[in-house]
Amino acid sequence: MAMLPTLAVGFLMVTASMMLSMMTFFGLESLVRRLRPWFLRDPHSPRLMAMLALTVTISLAQVIFNVWAWAWCYMWLGIFNDIADALYFSIVAFTTLGLNDVAMPQEWRLLGGVEAINGFIYIGMISAMILDMMRRVRQGQNELEEQEAMTASDWAP
């Protein structure tokens, strides 16, 4: 029965994490849509690299935010007395590194596993987001090149 509060906290943290991820993804998608004309102009490679840099930076910021959110959750629950220990544990759990040199009290250990699951899912979502943004930009660049080639062939003698 003592697992229920732990699982409830974990469920709330994972849900908040996934909602943040989706809101960020939709915001990034909106930004790419607004910047579409810029991304489609030549030269394509630097613009594609800019898209990659933007997406990776935003993704890294999301990971950092989530690690800090979990660390503050641990502090709020009284699991750790020191923010450095809470942050270190959170990084180790979120990245699924699992060093186990800083341990949680027995009654809260399940929460560390839930954070690891959250991190595992998050890394997958970030990878998908990066690939999708890159695909969208590159697909638009290819379509523009095809249109320009067709227009040029229409004018050829």
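Scroll up to find the structure.
Below or above, wherever it landed, is the structure these notes cover. Just so it is clear, the model here is predicted, and its values are computed rather than measured. (Residues numbered from 1 in each chain as written. Predicted model: local features only at pLDDT ≥ 70, side-chain atom pairs only at ≥ 80, totals over all residues. Heavy atoms only, no water.)

Description of the overall build of the protein chain
Keep this limit in mind: What counts as a helix is a DSSP run of H or I of at least four residues, what counts as a strand is a run of E of at least two, and both are numbered from the N terminus. Exposure is judged per residue with a 1.4 Å probe applied to protein chains only, and the accessible area is read against the type maximum: over 50% gives exposed, under 20% gives buried, and values in between give partly exposed. Residues counted as positive are Lys and Arg, residues counted as negative are Asp and Glu, and His and the chain ends are not counted. Each charge is placed at NZ for Lys, CZ for Arg, CG for Asp and CD for Glu.
In terms of helices and strands, the protein chain carries 5 helices and 0 strands. The order of α-helices and β-strands along the protein chain, N terminus first, is α-α-α-α-α. Overall size of the protein chain, expressed as C-alpha extent along the three principal axes, is 80 × 25 × 20 Å. When each of the 157 residues of the protein chain is scored for burial, the buried share is 36%. The averaged location of the 13 negative side-chain charges in the protein chain is 8 Å from the averaged location of its 9 positive side-chain charges.

Some remarks on the pattern of salt bridges
If the charged atoms of two oppositely charged side chains come close together, the side chains can form a pair. Inclusion rule: Salt bridges are defined by distance alone: a side-chain nitrogen of Lys or Arg within 4 Å of a carboxyl oxygen of Asp or Glu.
What the rule picks out here adds up to 5 salt bridges. Linking E29 and R33 is a salt bridge whose minimum nitrogen-to-oxygen distance equals 4.0 Å. Of this pair, E29 and R33 are both found in helix α1 (residues 3–34), 4 residues apart, which corresponds to roughly one turn of the helix. Note on R33: relative accessible area 53%, which makes it exposed.

Topic: unusual backbone geometry
The step from D42 to P43 runs through a cis peptide bond, and the omega angle for that step is -5°. Secondary-structure assignment places P43 in the loop between α2 (36–40) and α3 (44–77). Of note in this structure, T96 is not a glycine but carries a positive phi near 60°. Along the chain, the position of T96 falls in the loop between α4 (83–94) and α5 (109–155).

With respect to the packing of α3 against α4
Which entries qualify depends on this criterion: Axes here refer to lines fitted to C-alpha atoms; in helices the fit is confined to the stretch in contact. Angles between the N-to-C directions go from 0 to 180 degrees. Just so you know how the angles are binned, under 35 degrees is roughly parallel, over 145 roughly antiparallel, 65 to 115 roughly perpendicular, and the rest oblique. Helix crossings fall into two classes, left-handed where the near helix is turned counterclockwise from the far one by less than a right angle and right-handed where it is turned clockwise. In this description, contact between two residues means that some pair of their heavy atoms is separated by no more than 4.5 Å. In this count, Pro and Cys sit with the nonpolar residues alongside Ala, Val, Leu, Ile, Met, Phe, Trp and Tyr, while Asp, Glu, Lys and Arg are called charged and the others, Gly among them, polar.
Direction vectors running N to C along α3 and α4 enclose 130°, while the axes themselves pass 8 Å from each other. Between α3 and α4, the interaxial angle falls into the category oblique. Here α3 and α4 pass one another in a crossing that is right-handed. Taken together, the residues of α4 that come into contact with α3 (itself represented by V63, N66, V67, W68, W70, A71, W72, Y74 and M75) are I83, A86, L87, F89, S90, I91 and F94. In the contact of α3 with α4, the residues fall into 14 nonpolar, 2 polar and no charged.

Observations concerning the packing of α1 against α3
Running from N to C, α1 and α3 cross one another at 160°; their axes reach a closest spacing of 11 Å. In terms of axis orientation, α1 runs roughly antiparallel to α3. Like other packed secondary-structure pairs, α1 and α3 cross with a definite hand, here right-handed. Within the contact between the two elements, α1 uses V9, G10, M13, V14, S17, L20, S21, T24, L28, L31 and V32 and α3 uses M51, L54, T55, I58, Q62, F65, N66, A69, W70, C73 and L77. A breakdown of the residues in the contact of α1 with α3 according to their chemical character gives 15 nonpolar, 7 polar and no charged.

Some details on α3
Think of an α-helix as turning once every 3.6 residues; residues three or four places apart then point the same way. Applicable threshold: Take the residue count of a helix, subtract one, and multiply by 1.5 Å to get its expected span.
Counted at 1.5 Å a residue, the expected span for α3 with its 34 residues is 50 Å, and the 49 Å between its end C-alpha atoms agrees. Count one or two residues on from α3 and you reach G78, which has phi positive near 80°.

Section: the packing of aromatic side chains
What counts, and what does not: Working definition: a ring pair exists when centres of Phe, Tyr or Trp rings (six-membered ring for Trp) sit within 6.5 Å. Plane angles under 30 degrees give stacked, over 60 give edge-to-face, the rest tilted.
If you walk through the whole model with that rule in mind, you get 8 aromatic pairs. Ring centres of W38 and F39 lie 5.1 Å apart, and the angle between their planes is 70°; on these two criteria the pair is classed as edge-to-face. Note on W38: relative accessible area 32%, which makes it partly exposed. For F39, a relative accessible area of 4% puts it in the buried group. Plain terms: the ring middles of Y74 and F80 are 5.9 Å apart, the flat faces sit at 65° to each other, and that makes the pair edge-to-face.

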